[in-house]
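Residues per chain, in single letters:
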Amino acid sequence: MKEVKVHTTKSTLITGIITIIISSLSLFFIVLNCHSFKIIIAFIIFGLLNLFGLFLILSYNYKQVIINSEYISYTTLFNKSYIFSYTDIKGIQSQYRGFYQIISKENKKIASFNSYMIGTIQALSFLHKKDIKFIETNKNDLQIKLNQLSWSQKQIKKEQKIIKLINYLLTIFVLISIFLPLKISLTIILFIILFNWIIYIYLYPTMTLYYFKNNISDYIPFPISSTIISIILSLEYTNNININKNDFIFLIMIYSFIFLVPYFMMLIIRKKKEKFFQIIFIIGVSFFLSFSTIKAFNYLMTFSQYKHKTIQVIDKQKSYSKYSTNYHFKIEYQGKIKDMSVSKKIYDSTHIYDNVQICIRESIFHFQYYIIHK
């Protein structure tokens, strides 16, 4: 009896194991080195990552669809199996981007799989031979055989136009935000950055961050202008916000995980095998996005009263980069000499040994940051 089995790839199992190992080790080191509130945040985030890793392992071990000439067997994530005869089946429903559902005559889902699972194309061909048709589609045999996350040129061109329009509108919004109050401006900036990241994951791999592909007409360019302007403004507006270095590194790690979780979930759900250097590139992008938005996000999430202390400026320095000049005060705070970023206006109007105010603020996530002013 001929049989087709649809199941997840071995990379799913490997990814699940690696996710659990890395998140568990990260949680272990955070528990050893951080305070109570940070530990609670870490337990939530890394606990979710552990659950995600467990989900991947269970998917590999149990989830499968078996199709033969007599029946269809569907085994769920929790190893519960259901068997259906062909007389129970109404047809196949093609979902968005290579996802399929086998529908019963009662219009209920019997089984689901996608084009990234092993055996999907063979299963579709087998069902076609058993006279199981697509519901509300006009797919022919060739389309069934080649249906693997590919879009028609018409679809791509339509989405290219939509994304270009969105990019133009977001670019206008971010430029208008320059003239708005700081908190409103930062809210718009963060929304644009996060929105474009979500679009990238949603349209992946058709949306590209690369502009040197041979067939660029087959891809949707990333809304780069609105994103770059937003990142530049976010860094510029929060340049004078000072965060403890250890807290800053911890926040980058946490935020990067938050940025990466939907990306890796997308790869696993769509069974997309990505090149190693592409994954490294995306991880780098997530770290950069975290670095660019951490200060702005914590600033917006600050609702408590500010505290002020009078401190003396021990020294003042400038540091130069290719495109900008940064201004710093050396101060003594909490028994340590600290280097604090300040605005050009404060820098020019303050002399060594002058007194200034350090404004101590704390976000709802209990992360402190400091701003120097007169």
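See the structure above.
Now for a description of the structure that goes with this document. (Residues numbered from 1 in each chain as written. Predicted model: local features only at pLDDT ≥ 70, side-chain atom pairs only at ≥ 80, totals over all residues. Heavy atoms only, no water.)

1. Looking at the overall build of the protein
Here is step 1 of the chain: Looking only at helices and strands, the protein has 10 helices and 15 strands in total.
Here is step 2 of the chain: In the protein, which comprises 374 residues, the proportion classed as buried is 44%.
Here is step 3 of the chain: For the protein, the accessible area works out to roughly 21,000 Å², and carbon and sulfur atoms hold 62% of it. (Helix = DSSP H or I, 4+ residues; strand = E, 2+ residues; numbered from the N terminus. Buried < 20%, exposed > 50% of the residue type's maximum accessible area, 1.4 Å probe, protein only. Areas by Shrake-Rupley, 256 points an atom, 1.4 Å probe, with all protein chains shown as cover.)

2. Focus on the sheet that holds strand E7 (residues 109–114)
Here is step 1 of the chain: The strand order across the open sheet formed by three strands is E5-E6-E7, and the pairing between neighbours is antiparallel. Since the sheet does not close on itself, it has two edges, and those belong to strand E5 (89–94) and E7, each with one partner. When strand polarity is set aside, the average angle formed by the axes of neighbouring strands in this sheet is 15°.
Here is step 2 of the chain: Here five bridges tie strand E6 (residues 99–104) to E7, and the two strands are oriented antiparallel to one another. Bridging from a neighbouring strand, Ile103 pairs with Lys109 of E7. (Pairing = 2+ DSSP bridges. Axes fitted to C-alpha atoms, helices over the stretch in contact; angles between N-to-C directions.)

3. What to know about the nonpolar core
Here is step 1 of the chain: If you look at the biggest cluster of nonpolar residues, it comprises 43 residues, and the most contacted ones within it are Trp197, Tyr200, Tyr263, Leu289 and Ile294.
Here is step 2 of the chain: Put simply, the parts of the chain that give this core at least two residues each are helix H2 (36–61), helix H5 (153–177), helix H6 (182–203), helix H7 (224–237), helix H8 (245–269), helix H9 (276–300) and strand E15 (368–373).
Here is step 3 of the chain: Top element by residues in this core is H8. It accounts for 11 residues.
Here is step 4 of the chain: Dropping the residues within four chain positions of it, Trp197 is found in contact with Phe259, Ile282, Val285 and Leu289.
Here is step 5 of the chain: With 22 residues, the next largest nonpolar core counts Val4, Val65, Ile67 and Ala111 among its residues. (Core = buried A, V, L, I, M, F, W, Y, C linked by side-chain atoms within 4.5 Å. Contact = heavy atoms within 4.5 Å.)

4. Quick word on the packing of aromatic side chains
Here is step 1 of the chain: The final tally for this structure, using the stated rule, is nine aromatic pairs.
Here is step 2 of the chain: Between the aromatic rings of Phe248 and Phe291, the centroid separation amounts to 5.7 Å while the plane-to-plane angle is 70°, which identifies the pairing as edge-to-face. With Phe248 in helix H8 and Phe291 in helix H9, this pair connects stretches of sequence that are 43 residues apart.
Here is step 3 of the chain: On the basis of relative accessible area, Phe291 is assigned to the partly exposed category, the value being 37%.
Here is step 4 of the chain: Ring pairs connect the aromatic residues Trp197, Tyr200 and Phe259, which therefore count as one cluster.
Here is step 5 of the chain: Sitting above the plane of the Phe248 ring, Lys295 keeps its charged end 5.7 Å from the centroid.
Here is step 6 of the chain: In this structure, Lys316 is placed above the aromatic ring of Tyr347, and the distance from its NZ or CZ to the ring centre is 4.3 Å. (Phe/Tyr/Trp six-rings, centres within 6.5 Å; stacked < 30°, edge-to-face > 60°. Lys NZ or Arg CZ within 6 Å of the ring centre and 35° of its normal.)

What is shown is where atoms sit, not what they do.
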